[in-house]
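# Coordinate inspection notes
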Amino acid sequence: MAFSFASAYMTEAQEVIRLWEGEPPSSNGITEAEIVSPDKSSVSRVSVPTLEIFLPAKDAATGQAVVICPGGGYSGLAYDHEGIQVAKWLNSEGVAAFILKYRMPNKHKEVPLDDAQQAIRIVRKNAAKYGINPSKIGICGFSAGGHLASTASTHFSVSPDGVSSRPDFSILYYPVVTMSKLTHGGSRSNLLGDNPSENDIYRFSNEKQVNVNTPPAIIFLSDDDKGVVPENSLHYYQALKLNDIPAAMYIFPTGGHGWGFRESFTYHSQMTALLSAWLKGL
């Protein structure tokens, strides 16, 4: 599954693998070439999904792993500050990181979830190879990537060969959660189309899909976020609590939307300290 890859991002990943050996079970209908931004910090029109693998030093490895889903409104991926920077920080904490370059849905709702589930299965299936505990595999998502991470945390299954796509924990940053009136309109339109059915709105409103099997979560957001309103996170947290799922939520007073792992975020050091402590406590 591994292949030679001249990364457009010039990262320090040890390996990049294709997500699917053959054709994926769903198509996004995108035939144009992928677009990488001039500063190489973001990518759009993704139609060939990959996992970019960052492994920590063996003597520091905790056995934990995280699949990272950058945000971008389901139209692109903020690959640097919501991907590469995250992976490098996780490695510094002894956590293996797998950046998921998931396909843009292009109004094909199953596409991102298929990719996220496949990513978790690949990591779990290859846990021994990467020095990972197969019961310590989490998912992390930002904004629309947070919607994908919370979708993967509430919609999971076991493959015919017995590998579960359920993440063991979730890390959510200013996530889109609901597809109802409090949603981010662009994300909903890109995922579900311009006139989604009530059934699709319900199915992909992840606060409504939480149950006793949903994994524990930590949620970070800013009070002044106008891009994705805080009620998204609040409703997901409340649903977790109603089901007695361990959860933590931190609301910073300022920061707006989309700060990711940029050190310029006023509360960056506090955020990483909180995340570090939470991961160690799992």
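Here, the structure is the one placed above.
One structure accompanies this document, and this report is about it. (Residues numbered from 1 in each chain as written. Predicted model: local features only at pLDDT ≥ 70, side-chain atom pairs only at ≥ 80, totals over all residues. Heavy atoms only, no water.)

## Quick look at the packing of aromatic side chains
For the structure on display, the rule yields 19 aromatic pairs. Taking the centre distance of 5.7 Å and the plane angle of 55 degrees together, the rings of Trp89 and Phe261 count as tilted. A residue pair is termed long-range when its members are at least 10 positions apart, and Trp89 in helix 1 (residues 80–92) and Phe261 in the loop between strand 11 (247–252) and helix 8 (268–281) qualify at 172 residues. Here Trp89 and Phe261 have matching classes, each one buried. When the ring of Phe265 is compared with that of Tyr267, the centres are 5.8 Å apart and the planes differ by 65 degrees; the resulting orientation is edge-to-face. Here Phe265 falls in the buried class, since its relative accessible area comes to 6%. Among the aromatic residues, those joined into a ring-pair cluster are Trp89, Phe142, Tyr173, Tyr174, Phe220, Tyr250, Phe252, Trp259, Phe261, Phe265 and Tyr267. It is Arg166 that lies over the ring of Phe156; its NZ or CZ is 6.0 Å from the centre. (Phe/Tyr/Trp six-rings, centres within 6.5 Å; stacked < 30°, edge-to-face > 60°. Helix = DSSP H or I, 4+ residues; strand = E, 2+ residues; numbered from the N terminus. Buried < 20%, exposed > 50% of the residue type's maximum accessible area, 1.4 Å probe, protein only. Lys NZ or Arg CZ within 6 Å of the ring centre and 35° of its normal.)

## Considering the environment of Phe54
Mapped onto the elements of the fold, Phe54 is located in strand 4 (residues 50–54). Considered as a pair, Phe54 and Ala97 are 43 residues apart in the sequence and their alpha carbons are 5.1 Å apart.

## Observations regarding unusual backbone geometry
Of note, the phi angle at Lys40 is positive, near 60 degrees, even though the residue is not glycine. Looking at the secondary structure, you find Lys40 in the loop between strand 2 (35–36) and strand 3 (43–44). Its identity as a non-glycine residue notwithstanding, Tyr74 has a phi of 60 degrees, on the positive side. Residue position: Tyr74 is located in the loop between strand 5 (65–69) and strand 6 (76–77).

## With respect to helix 5 (residues 185–192)
Listed as buried for helix 5 are Ser187, Ser189, Leu191 and Leu192. Buried residues belonging to helix 5 abut helix 2 (111–125), helix 4 (144–154) and helix 6 (198–203). Immediately beyond the C-terminal end of helix 5, within one or two residues, lies Gly193, with a positive phi of roughly 95 degrees. (Contact = heavy atoms within 4.5 Å.)

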